[in-house]
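# Coordinates in review
So you can see what is in the structure, the chains are spelled out below.
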Amino acid sequence: MPEPVLHDLTVVVLAAGAGTRMKSRRPKVLHEIGGRSLIGHVLAAVEVAGPRQVVTVVGHEREQVAAHVTAVAPHAVLAVQEQQLGTGHAVHVGLGAVSVERGTVLVAYGDTPLLTGESLRDFVAEHEAAQRAVSVLSGVVENPFGYGRILRDEDGEVLGIREQKDTLGDEADIREINSGIMAFEAGFLLDALPRLGNDNHKGEYYLTDLLGMARDAGLMVGAHVLDDVDQTEGINDRVQLAQRARLLNDRILDHWMREGVTIVDPRNTWIDATVELACDVTLMPGVQLLGATRVASDALIGPDCTLKDTEVAAGATVVRTHAELAVIGADAQVGPFSYLRPGTQLGAGGKIGGFVETKNAQIADGAKVPHLSYVGDAEIGEGANIGAGTIFANYDGVAKHRSRVGRHAKTGSNNTFVAPVDIGDGASTGGGTVVRGQVPPGALAVSAGRMRIIEGWALAKRDGTPQADAARDAE
Ligand code: UD1
Ligand code: MG
């Protein structure tokens, strides 16, 4: 029986360059679009190709880049390129950090966040099926300046790659360019890398020279033209960062609309690559869904919401709300103008209404905080109703304290709960009550002073004013 052919893929991600045009203290590949760093997108995409190992080559600002790569792709091996002597040298350094004998080596750059995993997977599959020594992922662009050009003969056979600064004659007019993504047969690569020279305009070891070397040795080489050139373009400055962020967002929105999400205003809706949506979710204009946010079916979000790492259950309505690390239950209502801080959990059918801020608050099924309140470090029981303008005074200046409101308790307007407070099941409080300590189940707590009436006060104390005149007219 023939031995099964095992897919043995090593991916080398190059990220040692300086990225000076970003004019940033932050390394270029750590800038973010669509909820991930640039290199985070690349590391996520390469996983689709099914690599046995991934190595990232770092150099400039290596501590920051290395720490980030370890955080987002803990399995990735790191290799340090002390001096940036060229892409060929960088791959050599990368392979020095892992063991490679056979199979395929795929080289990608850390600054091409739009490249999809499917494109990489198909490129590797074609390279392997064609049994090539070297494949390059190319694209035909309007303005090829700065890129390596793909050289072909009259029959269209790929001859080599010429870097911008080394172009001869009319080679600079060639619009088919090297995206930078290349695949190699490992044996050829290991043999040829040490033979690369740096006799060129930049004095660098060009990875791209390997294509011509393979062809000269009579080995198979080829280019795969990617129709969607947007995928292959890297990011060099903040203008490109914004353009690519928009393109990535368009792609994410198209995906969710095809999955059955209604997006009323796609130009004004932003969804991170990491968000999950169900069918029949509706997003109104001005919605940002960020991080690990998940929205279940039939929920309505917007207009004007920012939800970060927030879970919204089926049928909930969330209007003009800012929420972070919050959980919103099925058929619950939130907003308008609500601020849900980390640890907020709203039960099914519950309500957090206008101008309400919540933090570390478990609000049970059917419980409501409808108006103008602050709920911090509290547990509110099923079916309870918190009166308008209630403050859970959770902080005594030194420590935070928790409070509890029991099931079906009804608290009056303009209450202050001086935590820790425990209001029993079915208890009530009067308007303006300052609650301290415990209210037994079923009891009514009142603390506002009894109202006194001083008859004729306006005429006695405010005579000659419109107020006094109005009082006199009413007599
Ligand atoms: C490279 C290609 C060019 C291609 C273009 C696509 C070579 C010689 N040229 O040119 O054909 O059209 O990319 O964008 O490969 N890097 C390192 N260490 C180094 C040098 C580079 O890690 O010593 C990394 C950079 O961080 C970057 C990538 O490799 O992510 C490409 O390097 P860059 O200097 O931008 O190459 P280009 O001149 O743009
Ligand atoms: Mg470049």
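Each remark here, short or long, concerns the structure printed above.
One structure accompanies this document, and this report is about it. (Residues numbered from 1 in each chain as written. Chains lettered and ligands numbered in written order. Predicted model: local features only at pLDDT ≥ 70, side-chain atom pairs only at ≥ 80, totals over all residues. Heavy atoms only, no water.)

## Thoughts on the overall build of the protein chain
This is how it is decided: Strands are runs of DSSP state E lasting at least two residues, helices are runs of H or I lasting at least four, and both sets are numbered from the N terminus onward. A radius of gyration in this sense is built from C-alpha atoms; the matching globule rule multiplies 2.2 Å by the number of residues raised to 0.38. Think of it in three bands: residues with accessible area under 20% of the maximum for their type are buried, residues over 50% are exposed, and the middle band is partly exposed, with areas taken using a 1.4 Å probe on protein chains only. In what follows, a contact means two residues having at least one pair of non-hydrogen atoms within 4.5 Å. Here the accessible surface of atoms and residues is derived via Shrake-Rupley with a 1.4 Å probe, and residues count as covered only by protein chains that are part of the display.
In terms of regular secondary structure, the protein chain is built from nine helices and 36 strands. Its C-alpha radius of gyration of 32 Å places the protein chain more than 25% over the 23 Å reference for a compact globule of 475 residues. Taken along its principal axes, the extent of the C-alpha atoms in the protein chain is 110 × 60 × 45 Å. Looking at the protein chain residue by residue over its 475 residues, the buried ones come to 46%. Partitioning the intrachain contacts of the protein chain with sequence separation of at least 6 by distance along the chain shows that 40% fall at a separation of at least 24. Total accessible area on the protein chain stands at roughly 22700 Å², and carbon and sulfur atoms take up 50% of it.

## Some thoughts on the sheet that holds strand β15 (residues 282–283)
For sheets, the rule is that strands pair by backbone hydrogen bonds, running either parallel or antiparallel. Note the cut-off: Strands pair, by our definition, only if DSSP identifies at least two bridges between them.
The strand order across the open sheet formed by seven strands is β12-β15-β18-β21-β24-β27-β29, and the pairing between neighbours is parallel. Of all strands in the sheet, those bounded by a partner on one side alone are β12 (262–263) and β29 (368–371). Pairing between strand β27 (residues 351–354) and β29: three bridges, direction parallel. The residue bridging G354 from the neighbouring strand is H371, located in β29.

## Description of the site of ligand 1
Under the convention used in this document: The nearness test applies per residue and asks whether one of its heavy atoms lies within 4 Å of the molecule or strand. Here a polar contact is recorded for every N or O atom pair within 3.5 Å, except that within protein the pair must consist of a potential hydrogen donor and a potential acceptor, and residues adjacent in sequence are included only if both atoms are side-chain atoms. Each residue gets one of three labels, nonpolar for Ala, Val, Leu, Ile, Met, Phe, Trp, Tyr, Cys and Pro, charged for Asp, Glu, Lys and Arg, and polar for the others, Gly among them.
Taken together, 19 residues sit near ligand 1, with G17, Q81, T87, E163 and N178 positioned nearest. Take G86: an N or O atom from its main chain is 2.9 Å from an oxygen atom of ligand 1. For ligand 1, the protein covers 83% of the area, taking 750 Å² as the surface of the free molecule. Taken together, the elements giving at least two residues each to the shell around ligand 1 come down to β1 (9–15), α3 (87–95) and β10 (176–185). For the shell around ligand 1, the per-class residue count stands at eight nonpolar, nine polar and two charged.

## Some remarks on unusual backbone geometry
Look at the link from G302 to P303: it is a cis peptide, with omega at 0°. If you trace the backbone, P303 turns up in the loop between β18 (300–301) and β19 (305–308). For the bond from A419 to P420, the omega torsion is 5°, close enough to zero to count as cis. Checked against the element boundaries, P420 lands in strand β33 (residues 416–423).

## Digging into helix α6 (residues 209–216)
Regarding α6, the residues found buried are L210, L211, G212 and A214. Those residues of α6 that are buried lie in contact with β7 (134–140), β9 (158–162), β10, α5 (186–192) and β11 (221–225). Looking at the residues trailing α6, positive phi occurs at G218, about 80°.

## Structural notes on the pairing of strand β4 (residues 53–58)
Where burial is concerned, most of β4 is hidden: six out of the six residues are buried. Neither face of β4 is left uncovered, since the one carrying Q53, V55 and V57 and the one carrying V54, T56 and V58 both have all their residues buried. Examined bridge by bridge, β1 and β4 share six bridges and lie parallel to one another. The residue of β4 that forms the bridge with V11 is V54.

## A few points about the nonpolar core
Heads up, the rule is: The set of buried Ala, Val, Leu, Ile, Met, Phe, Trp, Tyr and Cys residues whose side-chain atoms join them within 4.5 Å is what this entry labels a nonpolar core.
With 56 residues, the main nonpolar core has I271, L283, L289, I301 and I380 as its most contacted residues. Only α7 (238–258), β16 (287–290), β19, β28 (356–363), β30 (374–380), β33 and β35 (434–439) provide two or more residues apiece to this core. Looking at this core, the element that brings in the most residues is α7, giving six residues. Apart from residues lying up to four places away in sequence, I301 is in contact with T282, L283, M284, V287, L289, V295, L307, V312 and V318. Of all hydrophobic cores here, the second largest spans 33 residues; its members include V55, I150, A186 and L211.

## Overview of the packing of helix α1 (residues 38–48) against helix α4 (residues 117–129)
Basically, it comes down to this: Here, axes are lines fitted to C-alpha atoms. For helices the fit covers the stretch in contact, and angles between N-to-C directions go from 0 to 180 degrees. Roughly parallel here means an angle under 35 degrees, roughly antiparallel means over 145, roughly perpendicular means 65 to 115, and every remaining angle is called oblique. What makes a crossing left-handed is the near helix being turned counterclockwise from the far one by less than a right angle; a clockwise turn instead makes it right-handed.
Look at α1 against α4: their axes get within 7 Å of each other, and the N-to-C directions meet at 45°. As summarised for this structure, α1 and α4 are arranged oblique, according to the angle between their axes. The handedness of the crossing between α1 and α4 is right-handed. For the pair α1 and α4, the contacting residues are A45, V46 and V48 in the first and G117, E118, L120 and R121 in the second. Per-class residue counts for the contact of α1 with α4 are four nonpolar, one polar and two charged.

## Side note on a nonpolar patch on the surface
How we decide: For patches, a residue must show more than 30% relative accessible area and have no salt bridge; joins then use 9 Å for like charges and 5 Å for nonpolar side chains, namely Val, Leu, Ile, Met, Phe, Trp and Tyr. By definition, a salt bridge exists where a carboxyl oxygen of Asp or Glu is found within 4 Å of a side-chain nitrogen of Lys or Arg.
On the surface, a nonpolar cluster with roughly 340 Å² of combined accessible area is contributed by F337, F355 and L372. Its place among the elements puts F337 in the loop between β24 (333–334) and β25 (338–340). Look at F337 and you get partly exposed, because its relative accessible area is 44%.

## As for the pattern of salt bridges
It is possible for side chains bearing opposite charge to pair when their charged atoms get close. For the structure shown, the criterion picks out 17 salt bridges. Of the charged contacts, one joins E142 and R175 as a salt bridge, the two residues approaching to 3.7 Å between their closest N and O atoms. Placement of E142 in the loop between β7 and β8 (149–152) and of R175 in the loop between β9 and β10 is noted, with a sequence separation of 33 residues between them. One salt bridge connects D191 with R195, and the closest N-O pair in it is separated by 3.0 Å. Here the salt bridges do not stand alone but share partners, grouping R404, D422 and D425 into one network.

## Quick look at the side chain of T10
On the secondary structure map, T10 appears in strand β1. Since its relative accessible area comes to 0%, T10 is described here as buried. A polar side-chain atom of T10 sits 3.0 Å from a polar atom in the side chain of Q53. What T10 contacts, discounting residues up to four positions off in sequence, is R52, Q53, L95, V98, V100, T104, V105 and L106.

## Some points on the pairing of β27
With two bridges joining them, β24 and β27 adopt parallel strand pairing. From the neighbouring strand, V334 faces β27, where its bridge partner is I352.

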